[in-house]
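Survey of secondary and tertiary structure
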Amino acid sequence: MLDFNSLFGRKNKSSSVAKDRLKLVLIHDRINCSTELLEMMRADILAVISKYVDIDDDFNIEISNIQCEEGGKKSPVLSANIPIKNLKKVNN
Amino acid sequence: MSQVIVITSGKGGVGKTTTSANVGTALTLLGRQVVLVDADIGLRNLDVVMGLENRIVYDLVDVVEGRCRLKQALIKDKRFEGLFLLPAAQTRDKNAVSPEQMKKLCDTLREEFDYVILDCPAGIEQGFKNAIAGADRALVVTTPEVSAVRDADRIIGLLESNGISNTQLIINRVRMNMVKRGDMMAMDDVVEILAIDLIGVVPDDENIVVSTNRGEPAAIEANTLAGKAFRNIADRVEGKEIPFLDLTTGNNFVGKLKKVFGFGN
């Protein structure tokens, strides 16, 4: 049986899997960011934004994939998707 | 100008002691005065790998605690001109020595030798802190496995925060046939992930097991792949530019093309 992936793809190779997993785990290792720390940040962000807008308090923040900057230097990115319920609270 | 080099890895069993023995031996073969220091107190092994286990009288802790003079504890390797071993204590633990004492020891050895090679214990605790205390530069040993690479990354960070920025990478136990079929990370992958300079790639060579069995460093044999790889590392430690052994090319179409047309490394 001819395996299409073994001929053309690198995605299923275990070395690629190892590399991808390592990249992800090292992002977390390097900035020394535990899940507790992320949870504390989440709570603080929620508190700050809630002063101005009604938001869904169920949002997640995560450290995601490496982003290429202009100089080609790589760095981790902190991202949060925060659904806004309504903007009526905004004053001024 | 003499150098104190620590061989470290974080993870155990990746080949720190083998690397220390072989890089040290290869440097001696280049005509340098070298002392190998076994900093793994309590788990001494560099002596058996070097085949010098029967000649130990005093050890590193005896020197530090003043029970003997440094010269009495140094074992001269009769096979190689200018190679010495300072063995670790076997019946003490890592806390028997402090980083300050190790730094002082390294500075004393520095006056007598061109290279002081420190075989660091696994882990990041006291033994690691002792071993790196007096070092100018570090060779970080890893294998192309996720656990070893992750630990290497941690060690590189710790070395940097302890003021050792002159750090190079040795990738050990590369299995060419596995790299070729995509089941082992290639040297480029590991270098990309760790983002430090590579100083050597050592193949997974049965000769290492044989030479360790006999207590004869593989670097003696220039005609084995591993022996050649360690000799090349010694040359690069000296600052020479030596091309890497052809171990990992041919993994993809471009690599094969390069190889066919003679551009491979």
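Check the entry above for the structure.
Residues numbered from 1 in each chain as written. Chains lettered and ligands numbered in written order. Predicted model: local features only at pLDDT ≥ 70, side-chain atom pairs only at ≥ 80, totals over all residues.

**Considering the sheet that holds strand 8 (residues 197-203) of chain B**
Picture the strands of a sheet paired through backbone hydrogen bonds; they go either parallel or antiparallel. Residue and element names in this part refer to chain B. With mixed pairing, eight strands are arranged side by side in an open sheet as 3-4-2-5-1-6-7-8. Edge positions in the sheet fall to strand 3 (75-76) and strand 8, since each has one partner strand and no second. Where strand 1 (residues 3-8) meets strand 6 (residues 137-142), four bridges bridge the pair, whose relative direction is parallel. The residue bridging Val6 from the neighbouring strand is Ala138, located in strand 6. This element, helix 6 (residues 126-133), spans strand 1, strand 5 (115-119) and strand 6 of the sheet and lies at about 155 degrees to strand 1. Sheet strands touched by helix 11 (residues 225-237): strand 7 (167-174) and strand 8. Its angle to strand 8, the strand with the most contacts, is close to 160 degrees. (Pairing = 2+ DSSP bridges. Helix = DSSP H or I, 4+ residues; strand = E, 2+ residues; numbered from the N terminus. Contact = placed C-beta atoms within 7 Å. Axes fitted to C-alpha atoms, helices over the stretch in contact; angles between N-to-C directions.)

**Section: helix 5 (residues 99-112) of chain B**
All names here are of chain B. The end-to-end C-alpha distance of helix 5 is 21 Å, a good match for the 20 Å that 14 residues give at a rise of 1.5 Å each. For helix 5, the full list of buried residues reads Met102, Leu105, Cys106 and Leu109. Projection of helix 5 onto a plane perpendicular to its axis shows the buried side chains occupying an angular sector of 100 degrees, all on one side. The exposed residues of helix 5 that point more than 90 degrees off its buried face are Glu100, Asp107 and Glu111. In this fold, the buried residues of helix 5 make contact with strand 1, strand 2 (34-38), helix 3 (60-64), strand 5 and helix 6. (Expected span 1.5 Å × (residues − 1). Buried ≥ 20, exposed ≤ 12 C-beta atoms within 10 Å, placed from the backbone. Arc of directions from axis to C-beta.)

**A closer look at the interface of chain B and chain A**
Between chain B and chain A, the residue contacts involve twelve residues of the former and 13 residues of the latter. Where the side of chain B that touches chain A is concerned, the elements lending two or more residues are helix 7 (146-161) and helix 9 (187-194) of chain B. Per-element tally for the side of chain B that touches chain A: the top contributor is helix 7 of chain B, with six residues. Looking at side-chain class alone, the side of chain B that touches chain A contains five nonpolar, two polar and five charged residues. (Nonpolar A, V, L, I, M, F, W, Y, C, P; charged D, E, K, R; others polar.)

**What about the nonpolar core?**
If you look at the biggest cluster of nonpolar residues, it comprises 85 residues, and the most contacted ones within it are Ile5, Val116, Ile117, Leu118 and Phe230 of chain B. Looking at this core, the element that brings in the most residues is helix 11 of chain B, giving seven residues. (Core = buried A, V, L, I, M, F, W, Y, C linked by C-beta atoms within 7 Å.)

**Topic: the environment of Pro99 of chain B**
Here Pro99 of chain B shows up in helix 5. Sequence spacing of Pro99 of chain B and Ile132 of chain B is 33 residues, and the spatial spacing of their C-alpha atoms is 8.0 Å.

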